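# Close look at the chain arrangement
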Amino acid sequence: MKLAFISDIHGNAIALEAVLEDLRKNQIDRVYVLGDLCYRGPDPKRSLALVRSLNTQIIKGNADEWVVRGINQGEVPEQVIEMMKMELEWTVAQLDKQDIEYLASLPTEMKLEIEGITIHAFHATPDSLFEIVLPGAGDEVLKSKLMSASDADIFIYAHIHRPFIRYMDGKILLNIGSVGLPFDGMPKAAYAVVEIENGQIRTSIERVPYRIEDVVKQYEEAQYPNAEMMTRIVRNGLVK
């Protein structure tokens, strides 16, 4: 069974389409989505429609929660909160009531069992949509923050936009990166593949090129509130 895990599309429908085409080429059996579907990209409505058309399990990310109820003080740095609220207002204006209700209804974690292998997947941590756990954290931090809530074989999360795979105490910890806004210096969409066959597990991070300049044009033509910074991120794959 060949599984794909995608996340952090952030309204970048062009990147998502490239990933979905790559999934077809890779003959993926099932795809799962770990949140952050619409906010901060130039095409939130189409991104959400593409995700929903997959008819699969989808969980909520912090950006989806923001679309539902707004950004609270302390959830982002004070110097960027006003700009992020402007971006959020623009995003919500592109969606309708049914879209918002759908995002509100999403669960916050998924637990899977595939051919006897158990998987616990969540957006940021099992207890939070917002907490940041980076790959450079020590093994004990990674285990306590990400791997202590269940006894799964594989733990999968997103949120940090920096993919990695680690092996600890006979378990696999996997961050799947971002489809729409990579932060690791590689401006290509990221997703993860987990292949399970007769008890054997293969994991990989896939990187997919997409039409970045078309996304830049979308930001500009849509008069997105923070277009200059966001186009710099998609071009460079870095948040700086």
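Residues numbered from 1 in each chain as written. Predicted model: local features only at pLDDT ≥ 70, side-chain atom pairs only at ≥ 80, totals over all residues. Heavy atoms only, no water.

Further remarks concern the overall build of the protein. Along the protein, the regular secondary structure elements total eight helices and nine strands. Computed over C-alpha atoms, the radius of gyration of the protein comes to 17 Å, within 12% of the 18 Å expected from 2.2 N^0.38 for 240 residues, which places it in the range of a compact globule. Projected onto its principal axes, the C-alpha coordinates of the protein cover approximately 50 × 40 × 35 Å. When burial is assessed residue by residue, the protein has 52% of its 240 residues classed as buried. Across the protein, every contact between residues at least 6 apart in sequence was considered, and the portion connecting residues at least 24 apart equals 69%. Of the roughly 10600 Å² of accessible surface on the protein, 48% is carried by carbon and sulfur atoms. Within the protein, one finds 26 positive and 36 negative side-chain charges whose respective centroids are separated by 2 Å. (Helix = DSSP H or I, 4+ residues; strand = E, 2+ residues; numbered from the N terminus. Rg over C-alpha atoms; globule rule 2.2 N^0.38 Å. Buried < 20%, exposed > 50% of the residue type's maximum accessible area, 1.4 Å probe, protein only. Contact = heavy atoms within 4.5 Å. Areas by Shrake-Rupley, 256 points an atom, 1.4 Å probe, with all protein chains shown as cover. Lys, Arg positive; Asp, Glu negative; His and termini not counted. Charge placed at Lys NZ, Arg CZ, Asp CG, Glu CD.)

One pass over the structure, following the stated rule, counts 21 salt bridges. Here Arg46 and Asp43 are joined by a salt bridge, their closest N and O atoms 2.9 Å apart. Overall, the relative accessible area of 15% leaves Asp43 in the buried class. Measuring nitrogen to oxygen at the nearest pair gives 2.8 Å for the salt bridge that ties Glu75 to Arg69. A single salt-bridge network, built from bridges that share partners, covers Lys60, Glu65, Arg69 and Glu75. (Salt bridge = Lys/Arg side-chain N within 4 Å of Asp/Glu carboxyl O.)

This part covers the UniProt feature "domain: Calcineurin-like phosphoesterase" (unreviewed entry) in the protein. Under the present numbering, the feature "domain: Calcineurin-like phosphoesterase" (unreviewed entry) in UniProt falls on residues 1–198. The distance separating the terminal C-alpha atoms of residues 1–198 is 9 Å; by composition the span is 31% helix and 22% strand. (UniProt positions renumbered as here; feature names shortened; annotations may be inferred.)

In this section: the environment of Met230. Relative to the helices and strands, Met230 is located in helix 8 (residues 227–236). Judged by its relative accessible area of 0%, Met230 falls in the buried class. Taking C-alpha positions, Met230 is 8.8 Å from Leu181, a pair spaced 49 residues apart along the chain. Apart from the residues lying within four places of it in its own chain, the contact partners of Met230 are Arg40, Glu87, Leu181, Tyr219 and Tyr224.

Let's shift gears to the pairing of strand 7 (residues 171–175). Across the five residues that make up strand 7, a large majority, four, are buried. With four bridges joining them, strand 5 (residues 154–157) and strand 7 adopt parallel strand pairing. Within strand 7, the residue paired with Ile156 across the bridge is Leu174. The pairing of strand 6 (residues 164–168) with strand 7 spans five bridges and is antiparallel. Bridge pairing in strand 7 places Ile165 opposite Leu174. (Pairing = 2+ DSSP bridges.)

Here we take up the nonpolar core. In a soluble, globular protein the nonpolar side chains are often hidden away together inside. Ile6, Leu37, Leu103 and Tyr210 are the most contacted members of the largest nonpolar core, which has 52 residues in total. With eight residues, helix 1 (residues 13–25) is the single largest residue contributor to this core. If we skip the residues at most four places from it in the chain, Leu103 touches Leu37, Cys38, Leu48, Lys60, Asp64, Val67, Val68 and Leu95. Core analysis: the next-biggest nonpolar cluster, separate from the first, contains 20 residues, Leu3, Tyr32, Ile176 and Val194 among them. (Core = buried A, V, L, I, M, F, W, Y, C linked by side-chain atoms within 4.5 Å.)

Considering all chains together, one arrives at seven aromatic pairs under this definition. Ring geometry for Tyr39 against Trp66: centres 6.0 Å apart, planes inclined by 85°, an arrangement best described as edge-to-face. With a gap of 27 residues between them, Tyr39 in the loop between strand 2 (30–33) and helix 2 (44–53) and Trp66 in helix 3 (residues 62–69) connect regions that are remote in the sequence. Residue class for Tyr39 comes out buried when judged on its relative accessible area of 1%. Both rings, one in Tyr157 and one in Phe164, keep their centres 6.1 Å apart while their planes meet at 75°; by these two values the pair is edge-to-face. Judged by relative accessible area, which is 1%, Tyr157 ranks as buried. Lying across the ring of Tyr102, Arg52 places its NZ or CZ 3.9 Å from the centre. (Phe/Tyr/Trp six-rings, centres within 6.5 Å; stacked < 30°, edge-to-face > 60°. Lys NZ or Arg CZ within 6 Å of the ring centre and 35° of its normal.)

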